[in-house]
Amino acid sequence: MFDKKYVSVILPLPLRRVFTYSVPAFLAERVRVGMRAVVPFGAKKLYTSIVQIVHTQAPVADYAVKDIVGLLDDKPIVRHPQLQFWQWIAQYYCAAIGEVYQAAVPSGLKLQSETQITVNADFEADTALSEREYKILDVLADQKPKSINELAKYTDIKNVMPTVTKLLNVGAIYVSENIFEKFKEKKEKFVKINDELLANNNLERIFTELNRYPKQLDLLMKMIDFSKCLTKRPLEISKKELLFKSHSSEAILRSLSAKNIFEIYEKKIGRLDLSAVSTTPMSPLNDFQQRAYNDICSQFVEKQVVLLSGVTSSGKTEIYIHLIKKCIEQGNQALLLVPEIALTTQLTSRLKSIFGNRTGVYHSKFSDAERVEVWNHLINDQTYDLIIGVRSSVFLPFRKLGLVIVDEEHELSYKQFDPAPRYNARNVAIVLAGMHGAKTLLGTATPAIESYRNAKTGKFGLVEINERFGQIQMPEIQIVDTKEAYRKKEMRGFFSEMLLEKMSAALHNGMQIILFQNRRGYAPYMQCSACGFVVHCKNCDVSLTIHRHTNSLTCHYCGYTENITSVCPACHTQGEMSAKGFGTEKIEDEIGKIFPQARVARMDMDTTRSRKNYESLIHDFENHKIDILVGTQMVSKGLDFENVSLVGVLNADNLLNFPDFRAAERAFQMLVQVSGRAGRRKTRGTVIIQTSEPQNPVIMQIMNNDYQNMFATQIAERRTFCYPPFVRLIQVSVRHKDENKTKQAADCLSEIMRQSFGDRVLGPNNPVIARIKNLYIKQILLKIEIAASAEKAKQLVTEQITATLNMQDFRSVSITMDIDPM
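Conventions adopted
- Residues numbered from 1 in each chain as written.
- Predicted model: local features only at pLDDT ≥ 70, side-chain atom pairs only at ≥ 80, totals over all residues.
- Heavy atoms only, no water.
- 1 Å grid on protein atoms, 1.4 Å probe; cavity = no way out; pocket = protein on both sides within 12 Å on 5 of 7 lines; lining within 4 Å.
- Points joined across faces, edges and corners; volume = space filled by probe spheres on them.
- Helix = DSSP H or I, 4+ residues; strand = E, 2+ residues; numbered from the N terminus.
- Nonpolar A, V, L, I, M, F, W, Y, C, P; charged D, E, K, R; others polar.
- Axes fitted to C-alpha atoms, helices over the stretch in contact; angles between N-to-C directions.
- Parallel < 35°, antiparallel > 145°, perpendicular 65-115°, else oblique.
- Left-handed = near helix turned anticlockwise from the far one by under 90°.
- Contact = heavy atoms within 4.5 Å.
- Expected span 1.5 Å × (residues − 1).
- Buried < 20%, exposed > 50% of the residue type's maximum accessible area, 1.4 Å probe, protein only.
- Pairing = 2+ DSSP bridges.
- Arc of directions from axis to C-beta.
- Polar contact = N/O pair within 3.5 Å; in protein donor to acceptor, adjacent residues only side chain to side chain.

*Asks:* Quick rundown of empty space enclosed by the protein? Include the residues and the values.
*Replies:* Scanning the entire structure with this criterion turns up one cavity of 30 Å³ or more. In this structure, the largest cavity is lined by Tyr92, Arg728, Leu729, Ile730, Ile784, Ala790, Lys794, Ile819 and Asp820. Element by element, the count of residues in the lining of the largest cavity is highest for strand β32 (residues 727-736), at three residues. Taken together, the residues of the lining of the largest cavity break down into six nonpolar, no polar and three charged.

*Asks:* So, the packing of helix α12 (residues 287-299) against helix α13 (residues 316-329): which residues are in play, and what are the values?
*Replies:* Here α12 crosses α13 at 45°, and the two axes come no closer than 10 Å. With respect to α13, the element α12 is oriented oblique. The crossing of α12 and α13 is right-handed. For the pair α12 and α13, contact is made by Gln289, Ala292, Tyr293, Ile296 and Cys297 and by Glu318, Ile319, His322, Leu323 and Lys326, respectively. Grouping the constituent residues of the contact of α12 with α13 by class yields six nonpolar, two polar and two charged.

*Asks:* Give a description of helix α1 (residues 80-92) that names residues and reports values.
*Replies:* Between the first and last C-alpha of α1 there are 19 Å, a value that for 13 residues agrees with the 18 Å anticipated at 1.5 Å per step. Three or more residues of α1 are buried, namely Gln82, Leu83, Phe85, Trp86, Ile89, Ala90 and Tyr92. After α1 finishes, the residue Cys94 shows a positive phi value of roughly 55°.

*Asks:* I'd like a description of the pairing of strand β31 (residues 686-691), backed by residues and values.
*Replies:* The element β31 is extensively covered by neighbouring structure, given that six of its six residues are classed as buried. Of the two faces of β31, the one carrying Thr686, Ile688 and Gln690 and the one carrying Val687, Ile689 and Thr691 are both buried. Bridge count for strand β19 (residues 476-481) against β31 is six bridges, and the pairing is parallel. Paired with Asp481 across the bridge in β31 is Thr691. Bridge count between strand β30 (residues 644-649) and β31: four bridges; the pairing is parallel. Bridging from a neighbouring strand, Val649 pairs with Ile689 of β31.

*Asks:* How would you sum up helix α11 (residues 250-258)? Please name residues and give values.
*Replies:* Three or more residues of α11 are buried, namely Ile252, Leu253 and Leu256. For α11, the arc enclosing every buried residue in end-on projection is 100°, short of the 170-degree limit, so these residues lie on one face. Turned more than 90 degrees from where α11 packs its buried face, Arg254 and Ala258 sit exposed. Positive backbone phi, at 60°, marks Asn260, one or two positions downstream of α11.

*Asks:* Please give an account of the environment of Arg79 that cites residues and values.
*Replies:* With respect to the helices and strands, the residue Arg79 is situated in the loop between β5 (70-71) and α1. Along the backbone, Arg79 and Leu650 are 571 residues apart, and their C-alpha atoms lie at a distance of 49 Å. Aside from chain neighbours lying at most four places away, what touches Arg79 is Leu378, Ile379, Asp381, Pro397, Phe398 and Arg399. At 2.9 Å, the side chain of Arg79 and the backbone oxygen of Leu378 are in polar contact. A polar contact is formed between the side chain of Arg79 and the backbone oxygen of Pro397, at a distance of 3.1 Å.

*Asks:* Tell me about the sheet that holds strand β16 (residues 401-407), and please be specific about residues and values.
*Replies:* With parallel pairing, the seven strands of this open sheet are ordered in space as β14-β15-β13-β16-β17-β12-β18. The sheet terminates laterally at β14 (359-362) and β18 (461-465), the two strands that pair on one side only. Going across the sheet, the axis of each strand differs from the next one's by a mean of 15°, ignoring polarity. Running at roughly 170° to β16, α13 makes contact with β12 (305-310), β13 (333-337), β15 (386-389), β16, β17 (439-444) and β18 of the sheet.

*Asks:* Tell me about the packing of helix α9 (residues 214-227) against helix α10 (residues 239-246), and please be specific about residues and values.
*Replies:* Packing of α9 against α10 leaves a shortest axis separation of 10 Å and a crossing angle of 115°. Classified by chirality, the crossing of α10 by α9 is right-handed. Seen from α9, the contacting residues are Leu219, Lys222, Met223 and Phe226; seen from α10, they are Leu242, Lys245 and Ser246. The class makeup of the residues in the contact of α9 with α10 is four nonpolar, one polar and two charged.

Pasting the structure below:
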């Protein structure tokens with residue numbers, strides 16, 4: 001007699017606990033940790049849960065223990081280390097374990113909330129069924145397969161789940177796996193010549209018979225040519241490819257199939273390109289790269305994490321490649337994290353040329369089915385030794401991770417803001433590597449203040465490169481004082497004469513140009529010159545951005561859109577509405593008028609909606625099909641273009657004056673990074689920075705490429721005013737559709753927090769944008785000393801939030817917590 005089995009499962013819901021279900025006898029031998037178990041939750045819904053624990057202890061629960069409905073896998077799709085990793089993220093970032101599951105697993109591997117059920121035609125009952133059970137079987141037999149909701153409606157049984165579960169257990173009904181899952185394997189039709197015709201040398205007879213049907217004969221001849229079926233190495237050819245190459249029709253193909261000359265068959269194909277790739281040897285490292293590589297390897301002996309701080313174009317990627325090669329040769333896998341999808345495009349082609357199709361890519365521009373295929377390849381130990389991906393790649397099911405590289409480790413893009421878990425991929429990558437016994441390399445030209453201090457204090461190893469590859473000099477940086485330029489009438493629109501002269505010279509010399517403006521759209525707002533009215537979003541406290549391409553005013557926070565109008569909505573004056581400021585779309589438009597012969601393109605969120613848009617833009621710029629690339633911060637992140645001789649920063653002021661303690665650090669990082677796109681191969685590049693604050697300390701530090709001075713200045717300020725890395729931050733955000741209720745809840749919570757934390761609590765304050773998607777926002781900031789227990793502080797704040805939400809007046813309020821906010 002075997003003990004009854006139970007499973008504790010994680011549900012894909014914002015729940016902080018696991019739930020226990022019993023395992024039916026017919027599934028007891030199959031169930032394992034990491035499998036997907038379909039479970040009933042609530043009266044009518046089924047969810048795909050992940051089995052966290054299998055045990056034999058009958059639970060003492062505050063809910064009725066139900067059976068799992070079924071298992072979707074023959075083996076686990078989540079590994080043990082992943083479950084430990086999920087638990088750590090949930091605990092550290094104060095997130096529900098269900099939220100981590102939702103973020104980690106591609107939606108194609110999760111059950112849709114409504115599923116369908118079918119009667120098993122071969123079922124013979126060993127025991128008498130109840131009236132309710134027969135009623136459900138009758139409905140299913142008479143109708144097409146029904147969902148749980150439809151069953152409840154047709155049978156008038158309010159809670160059908162217990163009966164459905166019993167019928168599943170006895171085999172009377174079933175739910176097929178492909179109904180449970182959103183992911184479906186991709187199939188394609190292929191064509192081949194009938195094997196018997198080839199084996200018995202009957203082709204000559206067929207040619208004679210088809211003389212009366214010249215189009216059919218032509219398709220057969222082309223099929224023989226394309227498929228190489230008469231050679232020792234025949235090729236498979238798809239129906240789609242055959243029709244395209246032969247310029248033939250479906251009808252002719254069907255006729256040949258009907259005569260048993262062609263055989264059409266279906267085959268599973270992957271969505272990922274796994275075709276063989278010709279590889280090339282690694283490039284040898286130069287002297288300073290080799291020293292850096294050796295230093296990293298020696299520091300990895302004692303340090304889990306090493307920071308590689310190398311100036312732009314110093315060849316950090318080449319060092320990455322050599323480290324990855326060593327990792328793979330030791331039988332391990334490597335993960336290369338990048339902040340932008342655009343970077344994966346360049347890196348993928350470069351790394352595939354060395355590591356072949358053992359290189360995988362994972363990011364949000366992939367379809368969900370493609371992400372599932374990457375996941376399945378990794379869980380089945382197929383194909384990939386190296387993954388290149390954005391922050392969500394940390395959740396993939398690695399078998400034996402040996403190295404994690406975080407490229408451009410300073411980037412804000414590594415931080416997940418909404419929804420929860422609000423994790424920082426750089427920090428969790430270090431934890432992930434530690435759980436696998438792997439090493440972590442952080443690479444950048446402009447380290448995050450916290451990372452550089454960790455390196456300076458010995459927590460991380462540190463390797464620095466201070467010269468560019470090929471002895472190319474750092475770019476020459478020239479500052480244009482826009483206040484003076486406007487006064488002297490040396491500005492043409494928003495282009496200084498100096499910038500236009502340099503652009504003209506670069507184009508004359510056949511070089512390429514990048515223009516940087518960290519604001520997309522045509523202009524940031526539209527204003528009436530008669531009354532001063534600015535068109536705002538009806539759902540958010542922001543002005544609507546003008547997009548000329550779609551002739552619309554759009555909110556970049558909620559998506560609300562209005563048509564552009566020439567009549568002021570406030571004073572009704574005709575023709576006084578005009579665009580103010582400028583974004584990438586306007587720059588693209590204006591620069592096309594100034595340099596009509598130049599090929600101009602734009603790289604921002606509006607032009608890179610799909611993966612193909614990204615790849616096409618980068619490919620065209622690499623191959624000099626574009627002369628001038630206008631872009632937002634996307635163009636600043638590690639892209640490598642050999643013919644760029646000039647970079648223009650059109651307005652540095654909006655980076656310098658942002659109300660945030662990290663504003664100076666981020667301005668320095670972004671401007672140094674975008675400057676680093678200039679002069680990476682042949683000759684020294686030039687950077688023109690337009691600003692009304694030429695004496696700003698950050699501008700002076702950028703001119704001198706003086707990271708050390710920036711670091712010293714910022715670290716002194718943060719020590720004085722108690723900001724990271726000298727304290728930890730917890731930011732609490734209170735949201736509600738009613739402004740007064742938001743304020744009351746925030747005031748109440750902040751007072752409760754002050755009782756425990758005193759003057760460590762700041763606020764509540766309004767954020768820069770105090771209303772988004774019709775929800776008013778208040779923020780409370782808590783500073784925790786490094787020596788204090790962060791875990792106890794987080795636990796206490798969680799309890800205080802719960803206490804506030806349990807108050808009658810605040811039950812409809814939303815309160816979220818962000819650990820280590822960026």
